[in-house]
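# Summary of the model geometry
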Amino acid sequence: MTLPATPALVLQLAKILGRRQAKQELRWMQDTLLNKHQNDEKSFLMNQMIKRRIAGEPLQYILGTQPFGHLELLVRKPVLIPRPETEDWTIRLASLLSPSADRPLKLLDLCTGSGCIPLLLCHLWQKGSLRAVGVDVSHDALQLAKDNAKRVNVSSPQTLEPVDDFQEAKKTSNTFVGIHADILDADFIKGPEISTMQPFDVVTSNPPYIPKHEYDGLPPSVRDYEDPAALLGDPPSPRADELNESHRDHDRRGLRFYRAIADLIGNHRLVKEGGLAVLEVGHDQSRDVAALMSKNAKVSRTEIWKDPWGVERCVLAWK
Ligand SMILES: C[S@@+](CC[C@H](N)C(=O)[O-])C[C@H]1O[C@@H](n2cnc3c(N)ncnc32)[C@H](O)[C@@H]1O
């Protein structure tokens, strides 16, 4: 392959990644630049990309996209890069339920990040069968989710349209609305967007779930580039001294967000009777999260899904 790049940089990359992987990544970088730039510009940009990769930046941020199901989503630092585990259960969830324009679903995706979960469902489910709301505390994430909705042609109104308009719109498209809110503040559901939409048929979430002691051991390609707030399941709490020992123990194990979600479902009409919550979990958290959902969210049944690598990755809970 003839590359518009400095050979010494290519060599350095191959040393770090191995020849095969480097060759593949260089091809993707080249494809990204294809037809977009003049030749002299191309070699400057290609060298820049290789230098960023040598410095340890995740390839997805350099290329600017990541496949998720059949979608090619935008990714931007520091918003979390969608992972294959999440892609796997989202596709599985899509085949578990079969909404239609006559039986549409309302879905709430907590901690939506790039919007990958609801946007893929918008694509996999029939037109007019899904009205999704994504919530995130990060403005960067919300902007990215909205840009992704546009990229994959999912209608993304600024605000939720009145029900009658939705009845009209649902005949033609699924919708995604992004909302800025902190889900650890239980009052967030009193906001107009959530209060007019609830109860939801489905709540999905891949919340931050990594405890600090595990986070410290993550590779620099994660710690130096992705938002710690997207990963840490025990973020510093302003009211830490008010927590009881059981809550402190949850926090130490990265379960803070699951407790908050379980409390929201248990104490409010967030999910309708018979509705479903689907929560991605860390490698050793499935049993604790299932217990939290039974006790705090008062669900009637739980199920655990493994990911393709055999790890218990997802808790499903039926209200
Ligand atoms: C693990 S990422 C998941 C992103 C996306 N759903 C995915 O699966 O790729 C967690 C997301 O939670 C958001 N987040 C962190 N704390 C939050 C909070 N208190 N309220 C709402 N969102 C929060 C982060 O900004 C981040 O986008």
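Looking up the protein in an unreviewed UniProt entry gives the name S-adenosyl-L-methionine-dependent methyltransferase, with the organism given as Schizopora paradoxa.

### Section: the site of the ligand
Within the structure, the ligand sits among 21 residues, and Cys-111, Asp-136, Asp-182, Ile-183 and Asn-206 are positioned closest to it. Between Cys-111 and the ligand, the recorded distance is 2.9 Å, taken from a backbone N or O atom to a nitrogen atom. Note that a nitrogen atom of the ligand is positioned 3.3 Å from one of the backbone N or O atoms of Thr-112. Relative to its unbound accessible surface of 600 Å², the ligand loses 96% to contact with the protein. Elements with a minimum of two residues in the shell around the ligand: helix H6 (116-124) and helix H12 (228-231). In terms of residue class, the shell around the ligand is made up of 14 nonpolar, five polar and two charged.

### Considerations on the UniProt feature "domain: Release factor glutamine methyltransferase N-terminal" (unreviewed entry) in the protein
Under the local residue numbering, the UniProt record ascribes the feature "domain: Release factor glutamine methyltransferase N-terminal" (unreviewed entry) to residues 39-64. Each end of residues 39-64 is marked by a C-alpha atom, and these two atoms are 20 Å apart; helix forms 81% of the span and strand 0%.

### Here's the deal with the nonpolar core
Judged by nonpolar contacts, the single largest core of 42 residues is most densely connected at Leu-108, Val-135, Phe-188, Ile-194, Leu-270 and Met-293. Among the elements that line this core, the one with the most residues is helix H14 (residues 256-267), at six residues. Sequence-distant contacts of Leu-108, defined by excluding residues within four places in its chain, comprise Val-133, Val-135, Ile-194, Phe-200, Val-202, Val-203, Thr-204 and Leu-270. Grouped together as the second largest cluster of nonpolar side chains are 29 residues, Leu-119, Phe-176, Leu-276 and Cys-314 included.

### Regarding the packing of aromatic side chains
Enumeration according to the criterion identifies zero aromatic pairs in this entry. The side chain of Arg-92 reaches across the aromatic face of Trp-305, ending 4.1 Å from its centre. Taking NZ or CZ as reference, Arg-301 lies 4.0 Å from the ring centre of Trp-318, over its face.

### Points about the domain arrangement of the protein
One can read the domain layout of the protein as domain 1 (7-55) and domain 2 (69-318). Each of domain 1 and domain 2 was reduced to a C-alpha centroid, and the two centroids are 35 Å apart.

The rules behind these values
Residues numbered from 1 in each chain as written. Predicted model: local features only at pLDDT ≥ 70, side-chain atom pairs only at ≥ 80, totals over all residues. Heavy atoms only, no water. Near = heavy atom within 4 Å. Polar contact = N/O pair within 3.5 Å; in protein donor to acceptor, adjacent residues only side chain to side chain. Areas by Shrake-Rupley, 256 points an atom, 1.4 Å probe, with all protein chains shown as cover. Helix = DSSP H or I, 4+ residues; strand = E, 2+ residues; numbered from the N terminus. Nonpolar A, V, L, I, M, F, W, Y, C, P; charged D, E, K, R; others polar. UniProt positions renumbered as here; feature names shortened; annotations may be inferred. Core = buried A, V, L, I, M, F, W, Y, C linked by side-chain atoms within 4.5 Å. Buried < 20%, exposed > 50% of the residue type's maximum accessible area, 1.4 Å probe, protein only. Contact = heavy atoms within 4.5 Å. Phe/Tyr/Trp six-rings, centres within 6.5 Å; stacked < 30°, edge-to-face > 60°. Lys NZ or Arg CZ within 6 Å of the ring centre and 35° of its normal. Domains from an automatic or database assignment.

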